[in-house]
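# Structural characterization, general
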Amino acid sequence: MGLGQDMVNRIFQPATYADGVPYELFRELRAAAPVCWVAEPAVGEWPAGPGYWAVLRHADVKHVLRTPELFSSHLGATQIRDPDTDADLEFARTMMLNQDPPEHSRLRRIVAAAFTPRALGELSAAIEGCARELVDSVRADGEVDFVRLAADLPVRTLAWVMGVPEQDRQLLVDWSNRVIGYQDADYAASSTADPAHLTELGRTALAQRPATRTGPDGRPVNPRSRAALADMFAYAHGLAARPRPGSLLARMRDGGLSTDEFETAFFLFGVAGNETVRNGLPGGLYTLLSHPEQYRLLMRRPELLASAVEEMLRFWPPVVDFRRTAVRDLELAGVRIRRGQKVVVYHASANRDEAVFPEADRFDITRTPNDHVSFGYGPHFCLGAQLARTQLKAMIRQVLELPGLEPAVAGPPARLVSNFQNGLKSLPVRWRSGS
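### Things to note about helix 5 (residues 103–112)
Among all positions in helix 5, only His104, Leu107, Ile110 and Val111 are buried. Along the axis of helix 5, the buried positions cluster into a sector of 125°, meaning they face one direction only. Contact partners of the buried residues in helix 5: helix 11 (248–254) and helix 12 (259–289).

Here is the structure:
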């Protein structure tokens, strides 16, 4: 195919993404080998894996995501890296994200009431107010790290949806950092919550936090395992004993979930619900500021905000990839895939597929249609997609009121080292504070 295996393996290496998503490599692969074999070499302390099939074209990504009878979320869960033990796999399989219909449908119905249009309508005013409050808090400063500022919005929103007390919100940040940023040394051992500011429940749970990230055999503990997140699950059970009426946590407690299902549901919403917006907001703003003509167009035509957010999501997908497992021997794009092999769909590649998006590498806030797959597709289409869109629009709307908004430092911002999440660790921006 003209590209050596070492080059193809770059799409797996977390260090690749510290320099940006490898869109040029994705483009070459879509043309030459749109379903290609990727090895899983050892990465630092993490051992090598068996390898997987990468799926890079938009149509093939959609096909995989809409056919769970062929490509299962349940058999091996949805992360590239295999769970360390059979027990870890069984625990992961109880998460809604890692289920196939009909079990996935049952779990989704239990929590779906928290994400109906009516429920989101009631939240939208609070989200707008929160975004305004956050921007107003720094308006006079003339400069801020937008990553830090933006991170507060999904945390506050999730805390309200889940019924987490205000004092304990920082715990959500730490849990997200440890799970999503485990490949990045700056995030892997995140511990920013001050015990003095936590509730008694928060302090009690914090005492359950593992003191080490390695097991008795010296190997790293999977950051998504029950052992690695003992403090989060202790907190979830404590909070469930007295949930706020009507909260997502109350629905989870009263919905007939098993203990494992309850814990993994708390994990899913507490982490995934945070990271999509936390990555999408800074990435979206950076993309907009990096295209001044589009920034000026949005300033002139604020009615384009919804369209601009969709293009931000296409151009800067918060999630790079998701894994499935082949249910049986099959063929995809002319490639034979064996039963049990990993199949990894690359949202980031599909969103730049020239067959679907004319001038796919051009950022265009007027683009329509915009059939991006940043929220997935099929049965696992993101349940919180509309909530995420509401938050993105609210914060971008408020920050655009800052006059003369621009990056505060030259050069690209610091990126998260991750082959899963497309995130920034810092984005200093400035504006004319005296205007």
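After presenting the structure, the write-up continues.
### A few points about helix 6 (residues 117–138)
Taking 1.5 Å of rise per residue, the 22 residues of helix 6 would be expected to cover 32 Å, and the 32 Å separating its terminal C-alpha atoms lies within 8% of that figure. Approximately 30° is the largest bend angle found in helix 6, and it occurs at Leu123. Within the sequence span of helix 6, burial applies to Ala119, Leu120, Leu123, Ile127, Cys130, Ala131, Leu134, Val135 and Val138. Looking at the buried residues of helix 6, the elements they touch are strand 4 (143–145), helix 7 (146–162) and helix 16 (385–399).

### So, the environment of Asp184
With respect to the helices and strands, Asp184 occurs in the loop between helix 8 (169–180) and helix 9 (200–206). It is 15 Å that separates the C-alpha atoms of Asp184 and Arg224, two residues lying 40 residues apart in sequence. Among all residues touching Asp184, those that are not within four sequence positions of it are Arg415, Leu416, Val417 and Lys425.

### What to know about the side chain of Glu275
Relative to the elements of secondary structure, Glu275 occurs in helix 12. Judged by relative accessible area, Glu275 falls into the buried class, the value being 3%. If near-sequence neighbours (up to four positions away) are discounted, Glu275 is found in contact with Ser176, Asn177, Ile180, Gly280 and Gln421.

### Things to note about the sheet that holds strand 9 (residues 406–407)
Taken in spatial order, the three strands make up an open sheet running 4-10-9, and their pairing is antiparallel. The open sheet terminates on both sides in strands that have one partner only, identified here as strand 4 and strand 9.

### Focus: the packing of aromatic side chains
Tallying each qualifying case throughout the model produces eleven aromatic pairs. Pairing Phe91 with Phe233 gives two aromatic rings, centres 5.5 Å apart and planes at 90°, and the pair type is edge-to-face. Here the residue Phe91 occupies a position in helix 4 (residues 86–92), and Phe233 occupies one in helix 10 (residues 230–240), the gap between them amounting to 142 residues. Here Phe91 falls in the buried class, since its relative accessible area comes to 6%. Here a set of aromatic residues connected by ring pairs shows up, and it is made of Trp175, Tyr235 and Phe266. Over the aromatic face of Phe357 sits the side chain of Arg314, whose NZ or CZ is 5.2 Å from the ring centroid. Lying across the ring of Phe315, Arg352 places its NZ or CZ 3.9 Å from the centre.

### As for the sheet that holds strand 8 (residues 342–346)
The sheet built from five strands is open, its strands ordered 1-2-8-5-3 with mixed pairing. Whereas interior strands pair on both sides, the edge strands pair on one side only; in this sheet they are strand 1 (35–40) and strand 3 (71–72). Inspection of the sheet shows strand 5 (residues 321–326) paired to strand 8 by five bridges, in the antiparallel sense. Of the residues in strand 8, the one forming a bridge with Asp321 is Tyr346. Its contacts with the sheet put helix 3 (residues 58–66) on strand 1, strand 2 (49–55), strand 3, strand 5 and strand 8, and the angle it makes with strand 8 is roughly 125°.

### A short note on the nonpolar core
Counting residues in hydrophobic clusters, the biggest one holds 114 residues, and the most contacted among them are Phe146 and Met252. Among all residues touching Met252, those that are not within four sequence positions of it are Val111, Leu257, Phe262, Ala265, Phe266 and Phe269. Counting residues in each nonpolar core, the second largest holds 21 residues, with Ile11, Ala33, Tyr52 and Val320 among its members.

### Focus: the state of the cysteines
Across all of its chains, the model carries zero disulfides by this definition. Considering cysteine sulfurs only, Cys382 is the nearest to Cys130, which forms no disulfide, with 19 Å between them. For Cys130, a relative accessible area of 11% corresponds to the buried category.

### A short note on the packing of helix 6 against helix 16
Interhelical geometry of helix 6 versus helix 16 gives an angle of 30° and a closest axis separation of 9 Å. You can see that helix 6 and helix 16 cross each other, and the crossing is right-handed. Here Leu120, Leu123, Ser124, Ile127, Glu128, Ala131, Arg132, Leu134 and Val135 of helix 6 come into contact with helix 16, specifically with Gln386, Leu387, Thr390, Gln391, Ala394, Met395, Arg397, Gln398 and Val399. Across the contact of helix 6 with helix 16, the residue classes break down as ten nonpolar, five polar and three charged.

### Quick look at the packing of helix 10 against helix 12
The N-to-C vectors of helix 10 and helix 12 enclose an angle of 105°; their axes lie 10 Å apart at closest approach. Judged by the angle between their axes, helix 10 and helix 12 are roughly perpendicular. Packed against helix 10, whose contacting residues are Met232, Phe233, Tyr235, Ala236, His237 and Ala240, the element helix 12 presents Thr259, Phe262, Glu263, Thr264, Phe266 and Phe267 at the interface. Residues belonging to the contact of helix 10 with helix 12 are distributed by class as follows: eight nonpolar, three polar and one charged.

### Section: the pattern of salt bridges
The full count for this structure, using the stated rule, is 31 salt bridges. Linking Asp82 and Arg323 is a salt bridge whose minimum nitrogen-to-oxygen distance equals 2.9 Å. Separated by 241 residues along the polypeptide, Asp82 in the loop between strand 3 and helix 4 and Arg323 in strand 5 bring together distant segments of the chain. Judged by its relative accessible area of 29%, Asp82 falls in the partly exposed class. On the basis of relative accessibility, which here comes to 3%, the residue Arg323 falls in the buried class.

Rules used throughout
- Position numbers for residues count from 1 along each chain, tracking the sequence in the order it is written.
- In view of the model being predicted, local features appear only for residues whose pLDDT reaches at least 70, and side-chain atom pairs are presented and counted only at 80 or more, with totals across whole chains, interfaces and linings using the full set of residues.
- Think of the side-chain values as coming from all heavy atoms in the structure, minus any hydrogens and water.
- For the exposure calls, accessible area comes from a 1.4 Å probe over protein chains only, and a residue counts as buried if that area is under 20% of its type's maximum, exposed if over 50%, partly exposed in between.
- The helix count covers DSSP runs of H or I at least four residues long, the strand count covers runs of E at least two residues long, and both are numbered beginning at the N terminus.
- Note that the arc is defined by the directions from the helix axis to the C-beta atoms.
- The contact criterion used throughout is that any non-hydrogen atoms of two residues lie within 4.5 Å.
- Helix span, expected: 1.5 Å multiplied by one less than the number of residues in the helix.
- In this analysis the local bend is the angle between axes fitted, respectively, to the seven residues ending at and the seven residues starting at the residue.
- Strand pairing is assigned whenever DSSP identifies at least 2 bridges connecting the two strands.
- Here a pair means two rings of Phe, Tyr or Trp (six-membered ring of Trp) with centres within 6.5 Å. Their orientation is stacked below 30 degrees between planes, edge-to-face above 60, and tilted elsewhere.
- Look at NZ for Lys and CZ for Arg. If either is within 6 Å of the ring centre and within 35 degrees of the ring normal, a charge sits over the ring.
- Axis definition: a line fit to C-alpha positions, over the contact stretch in the case of helices; interaxial angles, taken between N-to-C directions, run 0 to 180 degrees.
- We define a nonpolar core as any set of buried Ala, Val, Leu, Ile, Met, Phe, Trp, Tyr and Cys residues linked to one another through side-chain atoms lying within 4.5 Å.
- The definition used for a disulfide is geometric: two cysteine sulfur atoms within 2.5 Å.
- Definitions for this section: a left-handed crossing has its near helix turned counterclockwise from the far helix by less than a right angle. A right-handed crossing has that turn clockwise.
- Note on residue categories: nonpolar means Ala, Val, Leu, Ile, Met, Phe, Trp, Tyr, Cys or Pro, charged means Asp, Glu, Lys or Arg, and polar means any other residue, Gly included.
- Roughly parallel refers to an angle under 35 degrees, roughly antiparallel to one over 145, roughly perpendicular to one between 65 and 115, and oblique to any angle outside these ranges.
- Any Lys or Arg side-chain nitrogen found within 4 Å of a carboxyl oxygen on Asp or Glu counts as a salt bridge.

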